[in-house]
Amino acid sequence: MLDLMPSLGSWRPAVSGQLCAVATIVGTGGSVPRPMGTSMMVSEHGEILGSLSGGCVEGAVVEAALEAMRDGGPRLESFGYSAEDAFAVGLTCGGELEVHIQPLGAGSPELSLFTGQPPTKDQAQAPAAVALIRRLGAGGGVVVINDPVRFRAMESEELAKLVGDHPATLFAAAAQVEPLLQGGRAGLVRLAPPEECIDGWVTTDRWAAESQEEETQPEPITLFVESRLPAARMLIFGANDFGAALLPAGQLLGYNVTLCDARPAFAQQSRFAGADQVVTDWPHRYLEAEAAARRIDNRTVVCVLTHDPKFDIPLLETALRFNLAYVGAMGSRRSHRQRVDALLAAGTTPEALERLHSPIGLDLGAVTPAEVAVSITAEIVAERGAAGIKAGTKAGTKVDPTIIGGFPSLKDTTGPIHPAPVQQVPQYLTQEDPWT
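Residues numbered from 1 in each chain as written. Predicted model: local features only at pLDDT ≥ 70, side-chain atom pairs only at ≥ 80, totals over all residues. Heavy atoms only, no water.

S.K.: So what exactly am I meant to see when it comes to the pattern of salt bridges here?
M.R.: Two side chains bearing opposite charge may form a pair once their charged atoms approach each other closely. In this structure the tally under the stated criterion is 15 salt bridges. Between Glu47 and Arg12 there is a salt bridge, and its shortest N-O distance comes to 2.9 Å. Of this pair, Glu47 sits in the loop between β2 (39–43) and β3 (48–50) while Arg12 sits in helix α2 (residues 12–15); the two residues are 35 residues apart in sequence, bridging distant segments of the chain. Residues Glu290 and Arg295 are paired through a salt bridge, measuring 2.8 Å at the closest nitrogen-oxygen approach. (Salt bridge = Lys/Arg side-chain N within 4 Å of Asp/Glu carboxyl O. Helix = DSSP H or I, 4+ residues; strand = E, 2+ residues; numbered from the N terminus.)

Here it is in structure tokens:
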């Protein structure tokens, strides 16, 4: 339910103390509209906050939530596609959803966490780190974690109360829960009952129980983990038309966007006022200071749009020393070749240069600043998912590293950056493209 955090604090049913139920996607299969962790709130009067599928199953979820509030217990609902029953509630995309529905009273930890005060503008854009560990099924319970990155399962009294204090159970919980918390992800965790396992080894009692069909096996412990870290950062270097177009595009993707330029007259223009931070400093000095203060991490994106070697070279030399999610630099292919030569001469390794996206963006035929912003953000999104695509590829399958999401990166192609126009246009409409 962390996806509802920006708006839950001002949602009238929750703030006024109404009985509510939260419906959360805890399992998916096939093609589904929304990922695990997506939630929808339903009040006792049928008011709704959020969405799970864009309309396919919401009506059935609301009915199930109202029933759960009437009987006071949680429930798990499954939705899929039925070719036999055209009127069955399900997903037309053919996927499957498991939705956990939990009634929440006014004093529940989840609602208390989010309904104290309506969020400010800054909180809505860059929510603080927070996580929830919920036990699904009989007993229920929730643990609220205010520092997911530093949370240690073996040392948590609250988690021990939730799953039991058996060392084997806590050890298994730590192994599965902590990566989800530290990665800012959502996921389902199943733990074997403590009597079945000691330090990860199957006991003789369990083997004996398995040989007796009449003996009832204890249910596994099922946890649902949701973790949200502070927004990843996008650092835009270059107070120009392209920086102005990229700024809102980065925020649309959820980044905390900083605009940096060494020239005060450029950086202090009103069109950059929407940035989360505007900094006047030499780019490489600013990046080094942020790294020293541990305000950047492996989710940070760096976009170098200055197109000026005196800024670009020391900045790229610095950026490529860090483990960043993305480093891209604007320029023509001629600029790129000169840039590579200068970086190699400065001591940057060829391996580090492989991580440089230059020329920046996917080869979409972008020309205007707005189109270039789309090209850059498309490459960032594609790069963000490339690791998952490669990890899910079967062994022996060849993957073209130059193709991301159907479009090649400009850094992996040759020839003109901008395609020839498909149609003839009047001469007075053409212009030199300033970013090459």
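S.K.: Please explain the sheet that holds β2 as it appears in this structure.
M.R.: The pairing of strands in a sheet comes from backbone hydrogen bonds and takes either a parallel or an antiparallel form. One open sheet holds the five strands; their spatial order is β3-β2-β1-β5-β4, and the pairing between them is antiparallel. The open sheet has two edge strands, β3 and β4 (75–79), and neither has a second partner. Taking the axes of each pair of neighbouring strands and ignoring which way they run, one obtains an average angle of 20 degrees across the sheet. Lying over the sheet, helix α3 (residues 58–71) contacts β1 (20–29), β2, β3, β4 and β5 (96–104), oriented at roughly 55 degrees with respect to β2. (Pairing = 2+ DSSP bridges. Axes fitted to C-alpha atoms, helices over the stretch in contact; angles between N-to-C directions. Contact = heavy atoms within 4.5 Å.)

S.K.: I tried to follow the confidence of the model for the protein on my own but got confused; where do I start?
M.R.: Close inspection of predicted coordinates is inappropriate for parts of the model with low pLDDT. Counting all residues, the mean pLDDT for the protein is 80, and 76% of those residues have values of 70 or more. Across residues 198–208, confidence stays below pLDDT 50; counting only partners more than four residues off in sequence or on other chains, it has ten contacts. pLDDT under 50 marks residues 387–399. Its contacts with residues more than four places away, or in other chains, come to one contact. (pLDDT = per-residue confidence, 0-100.)

S.K.: What's the story with the packing of aromatic side chains in this structure? I'm lost.
M.R.: We describe a pair of aromatic rings using the distance from one ring centre to the other and the angle between the two ring planes. Taken as a whole, this structure holds one aromatic pair when the rule is applied. Ring geometry for Trp282 and Phe311: centres 5.0 Å apart, planes at 55 degrees, overall tilted. Here Trp282, found in the loop between β14 (277–280) and α11 (283–292), pairs with Phe311, found in helix α12 (residues 309–319); they are 29 residues apart in sequence, far enough to count as distant. A cation sits over an aromatic face here: Arg263 above Phe266, 4.1 Å from the ring centre. Directly above the aromatic system of Phe322 lies the positively charged group of Arg321, at a separation of 5.7 Å from the ring centroid. (Phe/Tyr/Trp six-rings, centres within 6.5 Å; stacked < 30°, edge-to-face > 60°. Lys NZ or Arg CZ within 6 Å of the ring centre and 35° of its normal.)

S.K.: Could you clarify how one ought to interpret the packing of α11 against α12 in this entry?
M.R.: The geometry of a pair of packed helices is captured by two quantities: the angle between their axes and the separation between those axes. Packing of α11 against α12 leaves a shortest axis separation of 8 Å and a crossing angle of 20 degrees. Judged by the angle between their axes, α11 and α12 are roughly parallel. When you trace α11 past α12, the crossing you get is right-handed. Contacts between α11 and α12 involve Pro283, His284, Leu287 and Glu288 on the former and, on the latter, Phe311, Pro314, Leu315, Thr318 and Ala319. Of the residues contributing to the contact of α11 with α12, the split by class is six nonpolar, two polar and one charged. (Parallel < 35°, antiparallel > 145°, perpendicular 65-115°, else oblique. Left-handed = near helix turned anticlockwise from the far one by under 90°. Nonpolar A, V, L, I, M, F, W, Y, C, P; charged D, E, K, R; others polar.)

S.K.: Please explain the sheet that holds β14 as it appears in this structure.
M.R.: In spatial order, the strands read β14-β13-β12-β15-β16-β17; together these six strands make up an open sheet with parallel pairing. Edge strands, defined here as strands with exactly one partner in the open sheet, are β14 and β17 (356–357). Relative to strand β16 (residues 326–329), strand β15 (residues 301–304) is paired through four bridges, and the arrangement is parallel. By the bridge assignment, Cys303 is partnered in β16 with Gly328. Docked against the sheet, helix α9 (residues 241–252) engages β12 (233–237), β13 (256–261) and β15, running at close to 180 degrees with respect to β12. Packed onto the sheet, α11 meets β12, β13 and β14 and runs at close to 160 degrees relative to β12.

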